[in-house]
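# Topology and contacts: notes
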Amino acid sequence: MVEVGRRVLIINADDLGYTRGVNEAIRQCFVAGCLRSATLMVNGYAFDHAVGMLRDNEGLDVGVHLVLTELPPVLSSSKIRGLVHENGCLPATPGELAASLLCGAISKDAVRLELTAQITKVLDHGLKPTHLDSHKHVHVLPQVLETVVELARKYSIRWVRSPFDRTSVLCVGRLIERERIPSFCMQHLKAKLLHACRRGFTGEMRGSNLRNPDHFFGISLTGAWNEAVMVRLVKEVRPGVTEWMVHPGDCDGDLIRLKTRLLKQRETERDLLMSSELKDHIARLGITLSSFRTEDK
């Protein structure tokens, strides 16, 4: 448990293993000091490179970034019928995944098999994940969440992301660059829609013996982080454990070839997280930079 009044900030980089450039940016942010945690995309295109990087940077906390959309699965399509398209990839969007689960086109057994394979692949490489989150936050879907809780308990993974963004438009809206306001508004809408799943999420977590960060930021600001926003949000860190979701990366040829809207903005996030000013600002306010492993002790 966090000491009463203590303010803890865990900055977690999603998409480790996506490309070598993403891996390298995460490593650089870790070395710089603010970033202590990342979640590994097991079916990313640079998974093996990420595993090697983690072995060389043992202090970097690692979780599993569970993937049920966009990318190829870990298992063959014959083992998870309905979950894989003819193009060999998982459903294109969270909405498509949710609709297929609701109508029974995708079974919970298929979800369980694929997610189990993703977690065991991390374990088989000698890594000990401390937390779970998911690509596009699909673990909040009721048909997925039950399985995620089951697997977290089975593999003694204590932390699960609670992706219910607390970003206030009044707090940071005026700090967003004008060209990024449309993207920010769309992301903020997505964040608000996720809150429809909050009651079910809280109910599923209750009695599970799993832990969730008390506060979460990052969905609304995906693609819109800048120095002014980061400085402002540091001031908003409340008592308890706060998680920031970030996506640092290098915008290289590998990233450009993939279907991701986050390109040059990943480099902006990388540079912000590596800045000594951010680290100093956090320290001046008496906030503790931490990781999931540290907070589980």
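Fair warning: this is a prediction, and the values are worked out from it, not measured in the lab.

Definitions and limits used
- Residues numbered from 1 in each chain as written.
- Predicted model: local features only at pLDDT ≥ 70, side-chain atom pairs only at ≥ 80, totals over all residues.
- Heavy atoms only, no water.
- Buried < 20%, exposed > 50% of the residue type's maximum accessible area, 1.4 Å probe, protein only.
- Helix = DSSP H or I, 4+ residues; strand = E, 2+ residues; numbered from the N terminus.
- Right-handed = clockwise from strand over helix to strand, strands pointing away.
- Core = buried A, V, L, I, M, F, W, Y, C linked by side-chain atoms within 4.5 Å.
- Contact = heavy atoms within 4.5 Å.
- Arc of directions from axis to C-beta.
- Phe/Tyr/Trp six-rings, centres within 6.5 Å; stacked < 30°, edge-to-face > 60°.
- Axes fitted to C-alpha atoms, helices over the stretch in contact; angles between N-to-C directions.
- Parallel < 35°, antiparallel > 145°, perpendicular 65-115°, else oblique.
- Left-handed = near helix turned anticlockwise from the far one by under 90°.
- Nonpolar A, V, L, I, M, F, W, Y, C, P; charged D, E, K, R; others polar.
- Polar contact = N/O pair within 3.5 Å; in protein donor to acceptor, adjacent residues only side chain to side chain.
- Pairing = 2+ DSSP bridges.

## Description of the pairing of strand β2 (residues 37-40)
Burial along β2 is two-sided: Ser37 and Thr39 and Ala38 and Leu40, pointing in opposite directions, are all buried. At this point the chain moves from strand β1 (residues 7-16), through helix α1 (residues 20-32), to the parallel β2, and the crossover so formed is right-handed. Chirality of the crossover, the property in question, places the unit of β2, helix α2 (residues 47-56) and strand β3 (residues 61-66) among those that are right-handed.

## Remarks on the nonpolar core
Core analysis: the largest hydrophobic core is formed by 89 residues, its most contacted members being Ile11, Ile26, Leu40, Leu83, Trp225 and Trp244. Beyond its immediate chain neighbours, meaning those up to four positions away, Ile26 contacts Ala13, Asp14, Leu16, Leu35, Ala38, Met53, Leu60 and Pro248. Counting residues in hydrophobic clusters, the runner-up holds 5 residues, among them Val8, Ile10, Trp159 and Val241.

## Quick notes on helix α3 (residues 94-102)
Considered for burial, the residues of α3 that qualify are Leu97, Ala98, Ser100 and Leu101. Along the axis of α3, the buried positions cluster into a sector of 165°, meaning they face one direction only. Those residues of α3 hidden inside the fold are in contact with α4 (108-124) and α5 (142-154). Of the residues one or two after α3, Gly104 is the one with positive phi, at around 85°.

## Brief notes about the packing of aromatic side chains
Within this structure, the stated rule accounts for 4 aromatic pairs. Taken together, a centroid distance of 6.3 Å and an interplanar angle of 40° make the contact between Tyr18 and Tyr45 tilted. Placement of the pair is Tyr18 in the loop between β1 and α1 and Tyr45 in the loop between β2 and α2, with a sequence separation of 27 residues. The class for Tyr18 is buried, based on a relative accessible area of 6%. We classify Tyr45 as partly exposed; its relative accessible area is 48%.

## Some remarks on the packing of helix α9 (residues 227-235) against helix α12 (residues 276-284)
Closest axis-to-axis distance for the α9/α12 pair is 10 Å, and the angle between their directions is 15°. If you check the angle between α9 and α12, you find them roughly parallel. Between α9 and α12 lies a crossing of right-handed hand. Along the contact surface, α9 presents Met230, Val231, Val234 and Lys235, while α12 presents Leu278, His281 and Ile282. The class makeup of the residues in the contact of α9 with α12 is 5 nonpolar, 1 polar and 1 charged.

## Some words on the side chain of Asn23
Relative to the helices and strands, Asn23 is located in helix α1. When its relative accessible area of 0% is taken as the criterion, Asn23 is described as buried. Only 3.1 Å separates the side chain of Asn23 from the backbone oxygen of Ala46, close enough to count as a polar contact.

## Concerning the pairing of β1
Taking burial as the measure, the 10 residues of β1 include 9 buried ones, the bulk of the element. Note that β1 and strand β7 (residues 240-246) share 7 bridges and pair parallel. Residue pairing for β7: Ile10 is matched across the bridge by Glu243. Looking at chain direction, β1 and strand β8 (residues 288-289) are connected through 2 bridges and run parallel. Residue pairing for β8: Val8 is matched across the bridge by Thr288. Looking at chain direction, β1 and β2 are connected through 3 bridges and run parallel. Bridging from a neighbouring strand, Asn12 pairs with Ser37 of β2.

Purely spatial values, then, with no claim about function.
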